[in-house]
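# A structural walkthrough
For reference, the chains in residue letters:
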Amino acid sequence: MKEIDITEIEEFDFGQKESEDHHTGCTVILCQAGATAGVDVRGGAPGTRETDALKSENLVQQIHGLFLSGGSAFGLEVGSGVMRFLEEGGIGFDVGVTRVPVVPGAILFDLRENDQAMRPDATMGYKAAASAFKHSQLKQGNYGAGAGATVGKGKGPSFSMKGGLGHYAIQIGDVKVGAVVAVNSFGDVINPETGQIIAGLQKDGKFLNTEEMLMNEIMEGRTNRFRGNTTIGAVVTNAKIDKPAANKLAGMTHDGLSRTIRPSHTFVDGDTMFFAGAGNIFCDYNSLGVMAVRAVEKAVQQAVAHAESTKSFLSAKDLQ
């Protein structure tokens, strides 16, 4: 197994854009030739677009792009901008009078009291899609969908830390697998090899451990007021997969979230993971799933490792 840059998965193009104040943004993944995709939504408060089209029993067999965005439900507008960009390039499902691009996506909540009016929209989505064809480096941390992300929100924003966008890719033989994850979790981010918290709920630089706090407060009924969460991501591969496998593999990728974010998939998260394959390389689906989980684990850790402190939120690198 060797580590590669995610842009080396040549079947896909990656782009992103942030607001001028860098408090929100979006990340876009394009596949001009089409990709077979699935999705698994496990959080209790999701915000998604076109996910029903990815169900194994439904007609759509390929997507042409997908997006991850901040802005809460307002950020779903990003998909319209990506669609417009792809249609202008003649990419999409041929319906005779035009081509209709299939562009599913998911959003996270990063609205803040002082800057909530700045939200990802169709224009930002168009610009992110346009940047994807340039094969520029996909930046991590306070960029794209991770620009406004935070983690560890069990006691409100004053106890939270900076989250962000992370990616990680690996190759075994000819098979390449990469994950892009925007980490904006209610829970703490964990190093799964040591079990130590690396970013999350903290006070004066000391971690408070969200799982322990929740168990101790079980009779208080307090946690549902902290709704500004959600970790969203996508795994892409050059392996050949069918639609049922894509949906099953999307489910497997959530293991990467549960190993690195504790707790994950809560009532106040909207955790959503996509899986997309474009290529002709045949491989074992179980092996492919294990690779995908490893990529997601690393991408989550990369997101907080590359995050930079802001005026309101401390980063993991500055806490250390």
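See the structure printed just above.
Let me sum up the structure you'll find in this document. The residue count restarts for each chain, going from 1 along the sequence in the order it is written. Residues qualify for local features only when their pLDDT is at least 70, as the model is predicted, and side-chain atom pairs are given and counted only at 80 or more; totals for whole chains, interfaces and linings, by contrast, use all residues. The basis for every side-chain value is the complete set of non-hydrogen atoms in the structure, without hydrogens or water.

### Some points on unusual backbone geometry
Residues apart from glycine generally show negative phi values, whereas peptide bonds are mostly found in trans. With an omega of -10°, the peptide bond running from Arg262 to Pro263 counts as cis. Of note in this structure, Ser72 is not a glycine but carries a positive phi near 55°. Within the secondary structure layout, Ser72 lies in the loop between strand E5 (63-69) and helix H1 (78-88). Note on exposure labels: buried denotes an accessible area under 20% of the residue type's maximum, exposed denotes more than 50%, and partly exposed covers the range between, all computed with a 1.4 Å probe on protein chains only. Look at Ser72 and you get buried, because its relative accessible area is 17%. Phi angles above zero are rare outside glycine, and Asp204 is one such case at about 55°. Relative to the assigned elements, Asp204 resides in the loop between strand E15 (202-203) and strand E16 (206-207). Assessed through its relative accessible area of 76%, Asp204 is described here as exposed. The numbering of helices and of strands both runs from the N terminus, where a helix is a DSSP run of H or I of at least 4 residues and a strand a run of E of at least 2.

### Brief notes about a nonpolar patch on the surface
Candidate patch residues must exceed 30% relative accessible area and have no salt bridge, after which like charges are joined if within 9 Å and Val, Leu, Ile, Met, Phe, Trp or Tyr side chains if within 5 Å. Computed with the Shrake-Rupley method and a 1.4 Å probe, the accessible areas treat only the protein chains shown as cover for residues. Think of a salt bridge as a Lys or Arg side-chain nitrogen and an Asp or Glu carboxyl oxygen that are within 4 Å of each other. A surface patch of nonpolar side chains, amounting to about 400 Å² of accessible area, comprises Phe93, Val95, Val97 and Val100. With respect to the helices, strands and loops of the structure, Phe93 is situated in strand E6 (residues 93-94).

### Thoughts on the pairing of strand E12 (residues 175-183)
Judged by how many residues are buried, E12 sits mostly within the fold: nine of nine residues are covered. Of the two faces of E12, the one carrying Val175, Val177, Ala179, Val181 and Val183 and the one carrying Lys176, Gly178, Val180 and Ala182 are both buried. Hairpin connection from strand E11 (residues 164-172) to E12: two residues lie between these consecutive antiparallel strands, with Gly173 at a positive phi of about 65°. Pairing between two strands requires that DSSP report at least two bridges joining them.

### Some points on the packing of aromatic side chains
How two aromatic rings sit relative to each other is set out by the distance from centre to centre and by the angle between their planes. Two aromatic rings from Phe, Tyr or Trp, using only the six-membered ring of Trp, form a pair when their centres are within 6.5 Å; if the ring planes differ by under 30 degrees the pair is stacked, by over 60 it is edge-to-face, and anything between is tilted. Summed over the entire model, instances satisfying the criterion amount to one aromatic pair. Centre to centre, the rings of Phe85 and Tyr126 are 5.4 Å apart; their planes meet at 80°, and the pair counts as edge-to-face. Note that Phe85 is positioned in helix H1 and Tyr126 in helix H2 (residues 122-132), a separation of 41 residues in sequence. Using a relative accessible area of 22% as the deciding quantity, one classes Tyr126 as partly exposed. For a ring to carry a charge above it, either NZ of a lysine or CZ of an arginine must fall within 6 Å of the ring centroid while also lying within 35 degrees of the normal to the ring plane. The ring of Phe74 has Arg119 lying over it, and the distance from NZ or CZ to the ring centre is 3.7 Å.

### Some details on H1
By the burial criterion, the buried members of H1 are Val78, Gly79, Gly81, Val82, Phe85 and Leu86. Angularly, the buried residues of H1 cover 160° about the axis, an arc narrow enough to put them on a single face. We call two residues contacting when some pair of their heavy atoms lies within 4.5 Å. Looking at the buried side of H1, the elements it contacts are strand E3 (25-41), strand E4 (48-49), E5 and H2. One or two residues past the end of H1 sits Gly90, with phi positive at roughly 70°. Regarding the arc, it is the one traced by the directions from the helix axis to the C-beta atoms.

### Thoughts on the packing of helix H4 (residues 243-260) against helix H5 (residues 285-305)
Two measures define how a pair of helices packs: the angle their axes make with one another and the distance between the axes. Inter-axis angles, ranging from 0 to 180 degrees, are taken between N-to-C directions of lines fitted to C-alpha atoms, where helices are fitted over the stretch in contact. The geometry of H4 relative to H5 is characterised by a closest axis approach of 8 Å and an angle of 40° between their N-to-C directions. Regarding the angle of H4 to H5, the classification is oblique. Considering how the two elements wind past one another, H4 and H5 form a crossing that is right-handed. The segment H4 lies against H5, with Ala245, Leu249, Met252, Thr253, Asp255, Gly256, Leu257, Arg259 and Thr260 engaging Tyr285, Asn286, Leu288, Gly289, Val290, Ala292, Val293, Val296, Glu297, Val300 and Gln301. For this classification, under 35 degrees means roughly parallel, over 145 means roughly antiparallel, 65 to 115 means roughly perpendicular, and everything else is oblique. Rotating anticlockwise by less than a right angle from the far helix to the near helix defines a left-handed crossing, while the corresponding clockwise rotation defines a right-handed one.

### Describing the pairing of E5
For E5, the tally of buried residues reaches seven of seven residues, placing the bulk of the element in the interior. Of the pairings in the sheet, the one linking E3 to E5 comprises six bridges and is antiparallel in character. Looking across to E5, one finds that Cys26 is bridged to Ser69. Sheet topology places E5 next to strand E8 (residues 105-107); three bridges connect them, and they run parallel. When the sheet's bridge partners are listed, Phe67 is paired in E8 with Gly105.

### A few points about H2
Buried residues of H2: Met124, Gly125, Ala128, Ala129, Ser131 and Ala132, and no others. In a view along the axis of H2, the buried residues occupy a sector of 160°, so they form one face of it. Looking at the buried positions of H2, the neighbouring elements they touch are strand E2 (13-18), E3 and H1.

### Structural notes on the sheet that holds strand E13 (residues 188-190)
Pairing within the open sheet is antiparallel, and its three strands lie in the order E14-E13-E18. The open sheet has two edge strands, strand E14 (197-199) and strand E18 (261-262), and neither has a second partner. Of the pairings in the sheet, the one linking E13 to E18 comprises two bridges and is antiparallel in character. The residue of E18 that forms the bridge with Asp188 is Arg262.

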